[in-house]
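A closer look at the structure
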Amino acid sequence: MSRLNRVADQGEGLVRRWPRVLRDDLLTARADPLPPSEWLRWVPHGIVCLAAFGILLGDLDQLQGDGKLGHGHSAMVAAGQSGAVVLALRRPVLALWSSVAATLAGAVLLRRMLTAGQIDGFPWPWTTWGIAAHLFVLLLLALRVPTRVSAGALAVTALLTYVLQGLWGTWNHSSTGQTAVVLFAAVVVLGSALRGRREARAELGRQTTLTAEERARRTLLEERSRIARELHDVVAHHMSVISIQAQVAPHLVRDPTDELKENLAGIRQNAVEALTELRRVLDVLRSEHPDAVADGHGGGSGTAPHTPQPTLDRLRALVENTRAAGLTVTTEITGERRPLPPGVELSAYRIVQEALSNVLRHAPGATAHVTLAYHPHELRVEVANTRPEREAPPSHGAGHGLLGMRERAAMLGGGLTAGPWAGGGYRVCARLPVGSRTGTAAGPVPHPAPHHQDDEDATA
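The present account deals with the structure reproduced in this document. If you're wondering where the values come from, they're calculated on a predicted model, not measured in any experiment. (Residues numbered from 1 in each chain as written. Predicted model: local features only at pLDDT ≥ 70, side-chain atom pairs only at ≥ 80, totals over all residues. Heavy atoms only, no water.)

1. Examining a nonpolar patch on the surface
Note the following rule: Candidate patch residues must exceed 30% relative accessible area and have no salt bridge, after which like charges are joined if within 9 Å and Val, Leu, Ile, Met, Phe, Trp or Tyr side chains if within 5 Å. Here the Shrake-Rupley method, with its probe set to 1.4 Å, supplies the accessible areas, and only the displayed protein chains count as covering residues. Within this document, salt bridges are pairs made up of a side-chain nitrogen of Lys or Arg and a carboxyl oxygen of Asp or Glu, the two lying within 4 Å of each other. In DSSP terms, a helix is any run of H or I states spanning at least four residues, a strand is any run of E spanning at least two, and both are numbered starting from the N terminus.
Together, I244, V248, L252, V253 and L260 make up a nonpolar patch on the protein surface, roughly 440 Å² of accessible area in all. With respect to the helices and strands, the residue L252 is situated in the loop between α7 (177-248) and α8 (258-288).

And the structure:
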């Protein structure tokens with residue numbers, strides 16, 4: 001019973017809302033311009049204007065010739081119908097009423113001529129050119145308004161035709177009501193279908209954009225998670241060393257004082273607590289990406305959770321592996337080579353690794369040159385390649401490697417630029433601050449003053 005009451009209430013609400021919906025849909029003069037075509041631009045607008053001019057001329061000839069209406073009445077009806085076609089480009093609902101009013105005026109004037117026997121066999125209540133004009137109006141209306149508005153416009157047109165031909169009527173005429181309504185219904189269906197197709201394509205474009213943005217965001221988050229895991233592992237290693245050294249230190253001193261033992265115990269306790277917090281963070285990260293880390297029970301990808309992270313000491317092996325894959329790579333090191341903080345070494349290694357991978361994928365036949373420039377307060381990394389010798393095969397990757405490289409540089413307070421360079425090649429430049437100094441990306445990274453050398457000399 002309650003369900004019936006709800007249905008009844010909904011029906012009553014719809015009946016109460018219907019006059020307001022009808023008023024908002026059909027009793028409005030708001031502008032709704034026809035947008036330019038994606039491919040043809042303003043050509044459809046020009047075609048509509050030419051069609052309106054043709055309707056004006058044809059309607060005048062038919063009304064004055066076969067219809068024997070006066071110049072003033074003929075011009076009024078023809079201008080109303082052809083003008084409605086042009087008006088429909090901007091205000092389709094107002095154009096509908098203009099076309100209906102012009103058709104009604106023409107039907108009244110022509111009925112008088114038919115009843116008086118002055119004309120015989122004239123198309124009525126819709127003239128041939130009046131049908132053409134109303135077809136354009138309904139089509140342009142259906143292309144831009146909701147389906148219910150198009151259906152309402154068709155209902156108004158059919159009602160007008162029924163009142164004129166079925167209820168009022170005349171004789172000595174050629175009936176056009178049924179044919180006109182069928183044509184009007186067909187053009188409304190066509191316009192609604194085209195509008196639905198256009199909206200579906202627009203929605204698909206929006207979804208594609210959202211999908212691309214979501215993919216970029218997800219790739220960025222995954223890269224950040226991987227960076228966080230790597231850096232936390234580095235810090236966890238050092239905290240473990242501190243804990244062990246603090247535990248062993250009292251045994252290396254003869255008769256250590258109680259104060260020394262207490263301080264060393266406090267250092268060890270703080271290191272253990274910090275290590276526990278770091279591992280808790282790592283557990284959270286691994287729970288979000290379980291496939292990225294082995295779980296100790298045979299799951300995951302087989303990557304050990306605490307394997308040593310690569311540093312620039314492994315650059316030679318990276319270059320050799322890249323050469324084995326078919327890429328010619330040379331290296332160059334400038335400045336005084338020295339150990340760097342683990343995060344800087346790891347980020348520099350990953351940037352070189354990703355840049356060389358991009359050369360392999362996107363520049364077949366090119367040669368690459370890796371430059372490491374050691375400065376007092378920063379490390380500069382550059383990977384440049386020459387023009388590819390042939391077109392690269394299609395890549396099925398996500399295409400967000402540069403995002404990860406920029407994140408690594410920005411995380412350390414540095415910056416990264418990438419783009420084409422002389423000769424049709426590509427260059428990646430990164431600036432990684434060392435020590436307490438930090439910075440931000442500030443445009444292209446300038447070249448250090450290089451002195452070229454081979455791999456064997458550069459690593460000496």
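2. Some remarks on the packing of helix α5 (residues 128-142) against helix α6 (residues 147-168)
Short version of the rule: Here the axes come from fitting lines to C-alpha atoms, over the contacting stretch only for helices, and the angles between their N-to-C directions go from 0 to 180 degrees. Should an angle fall under 35 degrees it is called roughly parallel, over 145 degrees roughly antiparallel, and 65 to 115 degrees roughly perpendicular, with every other angle called oblique. The handedness criterion is simple: a crossing whose near helix is rotated anticlockwise from the far helix by less than a right angle is left-handed, and one whose near helix is rotated clockwise is right-handed. Here a residue-residue contact requires only that any non-hydrogen atoms of the pair lie within 4.5 Å. Throughout, the ten residues Ala, Val, Leu, Ile, Met, Phe, Trp, Tyr, Cys and Pro are labelled nonpolar, Asp, Glu, Lys and Arg are labelled charged, and all others, Gly among them, are labelled polar.
Contact geometry for α5 and α6: axes closest at 9 Å, N-to-C directions at 160°. When the interaxial angle is binned, α5 and α6 end up roughly antiparallel. Considering how the two elements wind past one another, α5 and α6 form a crossing that is right-handed. Residue-level inspection shows H134, L138, L141 and A142 of α5 in contact with α6, the latter providing S150, A153 and T157. When its residues are assigned to classes, the contact of α5 with α6 shows four nonpolar, three polar and no charged.

3. Concerning the packing of aromatic side chains
So the rule is basically this: Any two rings among Phe, Tyr and Trp, with Trp reduced to its six-membered ring, count as a pair given centres within 6.5 Å; such a pair is stacked if its planes are under 30 degrees apart, edge-to-face if over 60, and tilted if neither. The rule is simple: take the accessible area with a 1.4 Å probe, protein chains only, and divide by the maximum for that residue type; under 20% is buried, over 50% is exposed, in between is partly exposed.
Following the criterion strictly, the structure yields one aromatic pair and no others. Relative to F184, the ring of W126 has its centre 4.9 Å away and its plane inclined at 70°; by these criteria the two rings are edge-to-face. Taken as a pair, W126 in the loop between β1 (122-124) and α5 and F184 in helix α7 lie far apart in primary sequence, 58 residues in all. For the pair W126 and F184, one class covers both residues: buried.

4. Description of the side chain of S150
Tracing the chain through its elements places S150 in helix α6. For S150, a relative accessible area of 2% translates into the label buried.

5. A closer look at the pairing of strand β6 (residues 415-421)
Defined as follows: Two strands are counted as paired when DSSP detects at least two bridges linking them.
Here β6 pairs with strand β7 (residues 425-433) via seven bridges, running antiparallel. Each bridged residue has a counterpart across the sheet, and for T417 the counterpart in β7 is C429. Between β6 and β7, which pair antiparallel in sequence order, lie three residues; one of them, G423, sits at a positive phi of approximately 90°.

6. Here we look at the pattern of salt bridges
All told, the structure shown has six salt bridges when counted by the stated rule. Of the charged contacts, one joins R361 and E354 as a salt bridge, the two residues approaching to 3.4 Å between their closest N and O atoms. Its salt-bridge partner being R431, residue E378 comes within 3.8 Å of it at the nearest N-O pair. Taken together, the residues span a long stretch of sequence, with E378 in strand β5 (residues 378-385) and R431 in strand β7 at a distance of 53 residues. For the residue pair E378 and R431, the accessibility class agrees, reading buried in each case. A single network of salt bridges, built from pairs that share partners, joins E378, R380 and R431.

7. Quick word on the packing of helix α4 (residues 92-115) against α5
Close contact between α4 and α5 brings their axes to 9 Å; oriented N to C, the two are set at 160°. Viewed along their axes, α4 and α5 adopt a mutual orientation that is roughly antiparallel. In this structure, α4 crosses over α5, and the sense of that crossing is left-handed. Listed contacts from α5 to P92, V93, A95, L96, S99 and V100 of α4 are H134, V137, L138, L140 and L141. Looking at the contact of α4 with α5 residue by residue, the classes come out as nine nonpolar, two polar and no charged.

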